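Summary of structural features
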Amino acid sequence: FDPALGAILERMRTSESEDWGLDFSDVGGDAATPVTDANKRVFVRRKVGQVLVACRRGALEALRNGFVEALGDLSAEAAPFLKLFSSTDWRVLLCADDDRLAPGAVL
């Protein structure tokens with residue numbers, strides 16, 4: 001994530017101004033909808049989603065598909081079940097502290 005863009009979006013989110021000079025076309029919305037104090041949080045949320053996910057969607061899909069294929073090569077029987085895991089499940093399995101994954105631990 002671009003720290004300069006993050007600082008601008010944080011400043012926008014926390015300050016008040018009626019004239020941002022922006023519209024929602026930058027985040028896939030209507031160019032006729034200006035960004036105002038009333039809707040700036042929606043704009044910021046969409047912008048962050050666009051920068052973190054939307055513009056990287058192709059690369060993220062390729063990474064996911066390669067990961068699933070590699071796991072399938074390791075265990076063809078387990079592959080269909082791995083597709084059932086949510087993003088939270090994967091985050092816990094791949095990033096959690098060892099204490100959280102100890103036998104008998106309740107997640």
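In this text the structure is predicted, and so the values were computed from the model without any measurement.

1. Some points on the environment of Gln50
Structurally, Gln50 can be placed in helix α2 (residues 40–52). Take Gln50: its relative accessible area is 28%, and that puts it in the partly exposed class. Along the primary structure Gln50 and Val27 are separated by 23 residues, whereas in three dimensions their C-alpha atoms are 6.8 Å apart.

2. As for α2
Over its 13 residues, α2 extends 18 Å from the first C-alpha to the last, a length consistent with the 18 Å expected when each residue adds 1.5 Å. Each element contacted by the buried residues of α2 is listed here: α1 (3–14).

3. Digging into the packing of α1 against α2
Where α1 contacts α2, the two axes come as close as 9 Å, and the packing angle between them is 165 degrees. Compared by their axis directions, α1 and α2 come out roughly antiparallel. At the point where α1 passes α2, the crossing takes the left-handed sense. Between α1, through Leu5, Leu9, Met12 and Arg13, and α2, the contact on the second element is made entirely by Lys40, Arg41, Phe43, Val44, Lys47, Val48 and Val51. Looking at the contact of α1 with α2 residue by residue, the classes come out as seven nonpolar, no polar and four charged.

4. Describing the nonpolar core
Grouped together as the largest cluster of nonpolar side chains are nine residues: Leu5, Leu9, Met12, Phe24, Val27, Val35, Phe43, Val44 and Val51. Secondary-structure elements contributing two or more residues to this core are α1 and α2. Setting aside anything within four residues of it in sequence, one finds Leu5 in contact with Lys47 and Val51.

What counts as what
- Residues numbered from 1 in each chain as written.
- Predicted model: local features only at pLDDT ≥ 70, side-chain atom pairs only at ≥ 80, totals over all residues.
- Heavy atoms only, no water.
- Helix = DSSP H or I, 4+ residues; strand = E, 2+ residues; numbered from the N terminus.
- Buried < 20%, exposed > 50% of the residue type's maximum accessible area, 1.4 Å probe, protein only.
- Expected span 1.5 Å × (residues − 1).
- Contact = heavy atoms within 4.5 Å.
- Axes fitted to C-alpha atoms, helices over the stretch in contact; angles between N-to-C directions.
- Parallel < 35°, antiparallel > 145°, perpendicular 65-115°, else oblique.
- Left-handed = near helix turned anticlockwise from the far one by under 90°.
- Nonpolar A, V, L, I, M, F, W, Y, C, P; charged D, E, K, R; others polar.
- Core = buried A, V, L, I, M, F, W, Y, C linked by side-chain atoms within 4.5 Å.

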